[in-house]
Amino acid sequence: MTRHPLKLVSLISLLLALALFGPQRAVADDDDPPSRVARLGYAHGPISFQPAGTDDWVNAVVNRPMTTGDKLWSDKNSQAELHIGSASIRLGSTTGFSFLNLSDNVTQLRVTEGTLRIRVKRLEENESFEVDTPNLAFSVLRPGAYKINVNEEGDTTVVTVAGGQGEVTGGGQAFTLHPGEVGAFTGTDQLNADLQDYQGDQDDFDRWCSQRDHREDHAESSRYVSPDVVGYEDLDEYGGWQAVPEYGNVWFPHTTVVGWAPYHYGHWVWISPWGWTWVDDEPWGFAPFHYGRWVVVRGVWGWVPSPPRSEVVGVAYVRPVYAPALVAWVGGAHWGVGVSEGSVAWFPLGPREVYVPSYPVSRTYVNNVNVTNTTVNNTVVNNYYNNVVVNKNVNVTNVTYVNQTVPGAVTATSHTAFTSAQPVAKNIVKVDQREIARAQVNVMTPAVVPPKQAVLGAGTPAAVKPPARFEDRAVVAKNTPPPPPPSFAKEHEAIKANGGKPLAIAEEHKLHPDNDRAIQTVKIAPPAKQVTVAPRNVPPGNPAHAQKAVGNRDAGSKSDRNDRPDRNDQQRPSSDAKPAIASGNPGSQPAQGNVVSPERNKTSNDRPPSAQPSNAPANVNPQLDAKQPAVVETVRQKQDQGHKGVEQRQADQRTKVDQPNPSTQTQAQPNEKHQQQVEHVENKQPQQQQKPDQKHQPEDKKAKEASKPPRDDKPSHP
């Protein structure tokens, strides 16, 4: 009898859930924009930047968010640093770099030439990290530090694995690189592999990367901020943390500007698919403007961050979601939001206040972007979603915003300065504070069609542009990237037709042009066969180099291996790869004196002709190469038999040490007299020990024993 009421309750609950979530879901989750971006956090020397969909190169601006399609060129003697969550990407001199794909679970980089160093602290089970070069694709399999160098001609890629594990794919082959290995891969149609043990040598670029790693690993802010918040490593130098009873740990910037307020010193740019995005001028100005909330404590502005992973209790951890700008917008009779000649005004959102995106998103996205950046009730988030996203009611009249009435919190600028990426602080529009307190608040960003300058940002035209080969050179990819972003001209017309609002991801995809040049810049690698190569150039019996390579791992990579337990204890072959076959005794000395790092799980002698050591014959017979393991085993057995024979002969010689050898009797004659003297002394010792003078017996015995030659000093007959 009780089963039917239970079924009825379950059915009613299901119907309520469908009624609540089904009709109000504006777009599918797959149509949400990425929850993360890359941040250009450091630039030294000429660094040129080309936004996705444009052909213009401008000087790169620090704190500019980067995403799929964006390109960077690091000129001679230049360096740049980017972060994606907890992963760092550093560019060396004369390096061409771009994002083929940057989504929630995929990071796909394009390097046409130069030097790239990446460090991955965590790698989720469903996450992929790939670096594509002109002749191969390198996939990160474990957290660690990796250096990729592409020569100027684009036909050689050198991969150094200081810590972690990765896989090289290209030319129908796949090679696994273990910790402490360096692989040089030449050729395009077929890879010629040369593996060596990493000696731990560092150049100026490596030392700079190590310094940046040390700075990041020892950041105090990591105790208070989620490690997935981009830019937290810059907070220590420019502010301090204090515990505030109402808000928890709060970061207070060290500012010298009187009346300083957040979202005041910077400019606005347009970055698809998010739309209008804030770029701050401060060197620390990324994390506090794209995550968390701002609040005034005792008259001073402080930032309330996303909590670290360790403080998330009772619910599943959700990676903090990036937002283009966590602000609310002010409208009124004298300053209109989105009006062509009016002013635009905004103020920072406070703790527990809901951020509503102006770009198309799902209910799940609205929930995640708020719960990961502040403490807010889900019911409040749902109310905002229903009123703003579903019912299109952008004006909020029944909510009191904590920062709206704070003196200096509201910043206003002209429409021209807003849309042309001009510095806001130099184009301030004064507004009456009393009128601001009574003004309506719009939770969504103004609907304004962006001009091209809004996409290029505040960067001036680049004085140094990359060579043509950076644009035209194709790279090899293991995973198929999405189509390239549409040109700005096409996107501009679509945004205009959409009333100045950002386009949905599906609408963006419809705009992708048939750009043969863009399509030809990526070549998908053919199915690969797994090849195992043993490193070379290590002195026989000297494991110091391999141990040194393991000891030079980046800080944090050892402990972070446990973040991916199902991958940390095994190799992950490519989808078309055959498993490598381990051969040899783990305790035996590798062939040709190669020393395998203690962390390598598998070694093999089945090296292909392209991966033979440099002293190998030029012509290698594949049949002989296939028999190599058996030949090596036969040689090893013969060596063991030879060693046993030598040991037996030495034992026989020791038992016959006092017997003369006829074949060497002539050589032994000069020693016979000395042998007789020794035997005479030995024969006299028992007689001397039996003398009646017992008083001097101990002293005489010591003297005689001292005069007796050791047993090992007796001449032996060869």
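It should be noted that the structure appears before, not after, this text.
Note that the coordinates shown come from a computational prediction; the quantities given were computed from them, not determined experimentally.

Novice: So what exactly am I meant to see when it comes to the overall build of the protein chain here?
Specialist: In terms of regular secondary structure, the protein chain is built from 20 helices and 29 strands. Within the protein chain, buried positions represent 48% of all 718 residues. Counting contacts in the protein chain only where the partners sit at least 6 residues apart, residues at least 24 apart contribute 67% of the total. Approximately 35000 Å² of the protein chain is accessible, and the part contributed by carbon and sulfur atoms is 51%.

Novice: Mind showing me how you'd approach unusual backbone geometry here?
Specialist: The phi torsion of most residues other than glycine is negative, and most of the peptide bonds are trans. Here the residue pair Ser272 and Pro273 is connected by a cis peptide bond, since its omega of 5° sits within 30 degrees of zero. Phi is positive for Thr94, close to 45°, though the residue is something other than glycine. Checked against the element boundaries, Thr94 lands in the loop between strand S7 (87-91) and strand S8 (95-102). For Ala421, which is not glycine, the phi torsion reads 60° and is therefore positive. Secondary-structure assignment places Ala421 in the loop between helix H6 (415-419) and helix H7 (433-438).

Novice: Which parts of the structure should I look at to understand the packing of aromatic side chains?
Specialist: Both the distance between ring centres and the angle between the ring planes are used here to describe each pair of aromatic rings. Using the criterion set out here, one finds 28 aromatic pairs in the structure. A centroid spacing of 5.8 Å and a plane angle of 55° characterise the contact between Trp73 and Phe470, whose relative ring orientation is tilted. With Trp73 in strand S5 (residues 71-74) and Phe470 in helix H9 (residues 468-472), this pair connects stretches of sequence that are 397 residues apart. Here Trp73 matches Phe470 in class, with each residue buried. When the ring centre of Phe470 is taken as reference, the NZ or CZ atom of Arg110 above it lies at 5.7 Å.

Novice: Help me understand the pattern of salt bridges in this model?
Specialist: Opposite charge on two side chains permits pairing when their charged atoms draw close. Taken as a whole, this structure holds 27 salt bridges when the rule is applied. Of the charged contacts in the structure, one is a salt bridge between Asp213 and Arg90, with a shortest N-O distance of 2.8 Å. One end of the pair, Asp213, is in helix H2 (residues 204-217); the other, Arg90, is in strand S7, and 123 residues separate them in sequence. As far as burial versus exposure is concerned, Asp213 and Arg90 are alike and both buried. Taking the shortest distance from any N to any O, the salt bridge between Arg119 and Glu216 comes out at 3.6 Å. Of the two residues, Arg119 sits in strand S9 (residues 106-120) while Glu216 sits in helix H2, which places them 97 residues apart along the sequence. The two residues Arg119 and Glu216 agree in class, both being buried.

Novice: Whenever I open this one, the nonpolar core confuses me. Can you help?
Specialist: Across soluble globular proteins, you tend to see nonpolar side chains buried next to one another. If you look at the biggest cluster of nonpolar residues, it comprises 73 residues, and the most contacted ones within it are Val225, Tyr263, Trp268, Trp278, Trp294, Trp303 and Trp346. Apart from residues no more than four positions distant in its own chain, Trp278 is found in contact with Tyr263, His264, Tyr265, Gly266, His267, Trp268, Phe289, His290, Pro324, Ala325, Trp346 and Val424. Counting residues in each nonpolar core, the second largest holds 43 residues, with Val58, Phe99, Ile118 and Val531 among its members.

Novice: Is there a simple way to explain the pairing of strand S18 (residues 266-271) in this structure?
Specialist: Two faces make up the sheet, and in a regular strand the side chains alternate between them. Most of S18 is tucked away, with 6 of its 6 residues classed as buried. A two-sided burial pattern is seen for S18, the buried positions comprising Gly266, Trp268 and Trp270 on one face and His267, Val269 and Ile271 on the other. Where S18 meets strand S19 (residues 275-280), 6 bridges bridge the pair, whose relative direction is antiparallel. Bridge pairing in S19 places Trp268 opposite Trp278. If you look at the hairpin formed by S18 and S19, you'll find 3 residues sitting between the two strands.

Novice: Teacher, can you tell me more about H2 here?
Specialist: At 3.6 residues per turn, the α-helix brings residues three or four places apart onto the same side. Between the first and last C-alpha of H2 there are 20 Å, a value that for 14 residues agrees with the 20 Å anticipated at 1.5 Å per step. Regarding H2, the residues found buried are Phe205, Asp206, Trp208, Cys209, Arg212, Asp213 and Glu216. Down the axis of H2, the buried side of the element spans an arc of 160°, and every buried residue falls inside it. Set apart from the buried face of H2 by more than 90 degrees, the exposed residues are Asp204 and Gln211. Capping the start of H2, Asp203 holds a side-chain oxygen 3.2 Å from the backbone nitrogen of Phe205, two or three residues further along.

Novice: Quick question: what am I supposed to make of the side chain of Ser362 here?
Specialist: The topology assignment puts Ser362 in the loop between strand S23 (343-348) and helix H4 (363-371). Looking at Ser362, its side chain comes within polar contact range of the side chain of Asp32, at 2.7 Å.

Novice: Would you take a moment to explain helix H10 (residues 488-497) for this structure?
Specialist: Of all the residues in H10, the buried ones are Phe488, Glu491, Ala494 and Ile495. Buried residues of H10, viewed axially, fall in a sector of 125°; they line one side. Every exposed residue of H10 that faces more than 90 degrees away from the buried side is listed here: Ala489, Lys496 and Ala497. Those residues of H10 that are buried are in contact with S18, helix H8 (452-456) and helix H11 (505-510). Backbone geometry just after H10 places Gly499 at a positive phi near 75°.

Parameters and conventions
- Residues numbered from 1 in each chain as written.
- Predicted model: local features only at pLDDT ≥ 70, side-chain atom pairs only at ≥ 80, totals over all residues.
- Heavy atoms only, no water.
- Helix = DSSP H or I, 4+ residues; strand = E, 2+ residues; numbered from the N terminus.
- Buried < 20%, exposed > 50% of the residue type's maximum accessible area, 1.4 Å probe, protein only.
- Contact = heavy atoms within 4.5 Å.
- Areas by Shrake-Rupley, 256 points an atom, 1.4 Å probe, with all protein chains shown as cover.
- Phe/Tyr/Trp six-rings, centres within 6.5 Å; stacked < 30°, edge-to-face > 60°.
- Lys NZ or Arg CZ within 6 Å of the ring centre and 35° of its normal.
- Salt bridge = Lys/Arg side-chain N within 4 Å of Asp/Glu carboxyl O.
- Core = buried A, V, L, I, M, F, W, Y, C linked by side-chain atoms within 4.5 Å.
- Pairing = 2+ DSSP bridges.
- Expected span 1.5 Å × (residues − 1).
- Arc of directions from axis to C-beta.
- Polar contact = N/O pair within 3.5 Å; in protein donor to acceptor, adjacent residues only side chain to side chain.

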